Amino acid sequence: GAVVSQHPSWVICKSGTSVKIECRSLDFQATTMFWYRQFPKQSLMLMATSNEGSKATYEQGVEKDKFLINHASLTLSTLTVTSAHPEDSSFYICSARDLRGQGNEKLFFGSGTQLSVL
Amino acid sequence: QKEVEQDPGPLSVPEGAIVSLNCTYSNSAFQYFMWYRQYSRKGPELLMYTYSSGNKEDGRFTAQVDKSSKYISLFIRDSQPSDSATYLCAMSSGAQKLVFGQGTRLTINP
């Protein structure tokens, strides 16, 4: 399957600082990437859809000024958690669709980033 | 009512047992069905992908889709301790978004 790389895998930061998470599609181009958030023992919650060359689409209740998304190239999307607070501590996961060939509804996920805000 | 319902478990079975995991859904427009496996603190890994109704087999894994009942299943044969993980069903109508179940936590006991 397609490979999606996500960095860092974990990060600890002080309250009030900003954290950037990178998501790269390694062997395919992704015009659309998705950012999810996951709390312990819960399912994935879609935060936003990242579109290459245009503004991201945010789900209801997700603050776009808080979670800045940039999708500047066909292989890279970034999520920046601005002025992070302890309630932002969570597991963040990116994903992308490989549109080559059949079965392009499949989503491939990065390895996730555990954010802990002190 | 959630669009996709999945029993969160936990489910614990002995090694070698056949495991049955299930999801029900309410949106009849769903046509693409997937099962993901997620280990703790890792991203989900795609296990099975099925379009419309029917069965699909891949090694020890079999996915079944019954669109008339709005019910999908994942069977794991000869279960191994390494199969211990959370299993998430996911489905889509072909529009952009994938809808996930809550995930079932599975433990295979040696």
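Up top you'll find the structure we're talking about.
Residues numbered from 1 in each chain as written. Chains lettered and ligands numbered in written order. Predicted model: local features only at pLDDT ≥ 70, side-chain atom pairs only at ≥ 80, totals over all residues. Heavy atoms only, no water.

Q: Mind laying out the overall build of chain A, listing which residues take part and the relevant values?
A: Along the backbone of chain A there are 0 helices and 11 strands. Along chain A, helices (α) and strands (β) appear in the sequence β-β-β-β-β-β-β-β-β-β-β when read from the amino end. In terms of overall size, chain A behaves like a compact globule, its C-alpha atoms giving a radius of gyration of 14 Å where 118 residues would be expected to give roughly 13 Å. The buried share of chain A, reckoned over its 118 residues, is 53%. Across chain A, every contact between residues at least 6 apart in sequence was considered, and the portion connecting residues at least 24 apart equals 54%. Total accessible area on chain A stands at roughly 5,800 Å², and carbon and sulfur atoms take up 52% of it. Side chains of chain A give 11 positive and 10 negative charges; the mean places of these two sets differ by 3 Å. (Helix = DSSP H or I, 4+ residues; strand = E, 2+ residues; numbered from the N terminus. Rg over C-alpha atoms; globule rule 2.2 N^0.38 Å. Buried < 20%, exposed > 50% of the residue type's maximum accessible area, 1.4 Å probe, protein only. Contact = heavy atoms within 4.5 Å. Areas by Shrake-Rupley, 256 points an atom, 1.4 Å probe, with all protein chains shown as cover. Lys, Arg positive; Asp, Glu negative; His and termini not counted. Charge placed at Lys NZ, Arg CZ, Asp CG, Glu CD.)

Q: An account of the sheet that holds strand 7 (residues 67–73) of chain A is needed here, citing residue identities and associated values.
A: Residue and element names in this part refer to chain A. Taken together, 4 strands build an open sheet; the order of strands is 1-3-8-7 and the sheet is antiparallel. Two strands close off the open sheet at either side, each with one partner strand: strand 1 (4–7) and strand 7. The average undirected angle you get between the axes of adjacent strands in this sheet is 15°. Pairing analysis gives 4 bridges linking strand 1 to strand 3 (residues 19–25), with the strands arranged antiparallel. Considered in strand 3, the bridge of H7 is made with E22. (Pairing = 2+ DSSP bridges. Axes fitted to C-alpha atoms, helices over the stretch in contact; angles between N-to-C directions.)

Q: Can you tell me about the pattern of salt bridges, naming the residues and giving the values?
A: Residue and element names in this part refer to chain B. Evaluated as defined, the whole model comprises 5 salt bridges over all chains. Linking E57 and R77 is a salt bridge whose minimum nitrogen-to-oxygen distance equals 3.3 Å. On the criterion of sequence distance, the pair formed by E57 in strand 6 (residues 54–58) and R77 in the loop between strand 8 (71–76) and strand 9 (85–92) is long-range, its members being 20 residues apart. Taking the relative accessible area as the measure of exposure, E57 reaches 59% and is therefore exposed. When the shortest N-O distance is used, the salt bridge between D83 and R60 registers 2.8 Å. Here R60 lies in the loop between strand 6 and strand 7 (61–66) and D83 lies in the loop between strand 8 and strand 9, a separation of 23 residues in the sequence. (Salt bridge = Lys/Arg side-chain N within 4 Å of Asp/Glu carboxyl O.)

Q: Can you explain the packing of aromatic side chains? Please cite residues and give values.
A: This structure, assessed with the given rule, holds 10 aromatic pairs over all chains. Relative to F100 of chain B, the ring of F109 of chain A lies with its centre 6.0 Å away and its plane at 65°, an arrangement referred to as edge-to-face. Here F109 of chain A, found in strand 10 (residues 107–109), pairs with F100 of chain B, found in strand 10 (residues 99–100), and the two come from separate chains. Using a relative accessible area of 9% as the deciding quantity, one classes F109 of chain A as buried. Ring pairing ties together the aromatic residues Y36 and F109 of chain A together with Y36 and F100 of chain B, which thus form one cluster. (Phe/Tyr/Trp six-rings, centres within 6.5 Å; stacked < 30°, edge-to-face > 60°.)

Q: Which residues make up the interface of chain B and chain A, and what are the values?
A: Of the residues lining the interface, 21 residues belong to chain B; the matching set on chain A comes to 24 residues. When the two sides are added together, the surface that chain B and chain A hide from each other amounts to roughly 1,700 Å², 58% of it contributed by carbon and sulfur. If you look at where chain B meets chain A, you find 0 salt bridges. Secondary-structure elements contributing two or more residues to the side of chain B that touches chain A are strand 4 (32–38), strand 5 (45–51) and strand 9 of chain B. For the side of chain B that touches chain A, the element with the most residues is strand 4 of chain B, which contributes 4 residues. Its residues assigned to classes, the side of chain B that touches chain A shows 10 nonpolar, 7 polar and 4 charged. (Buried area = accessible area lost by both parts, 1.4 Å probe. Nonpolar A, V, L, I, M, F, W, Y, C, P; charged D, E, K, R; others polar.)

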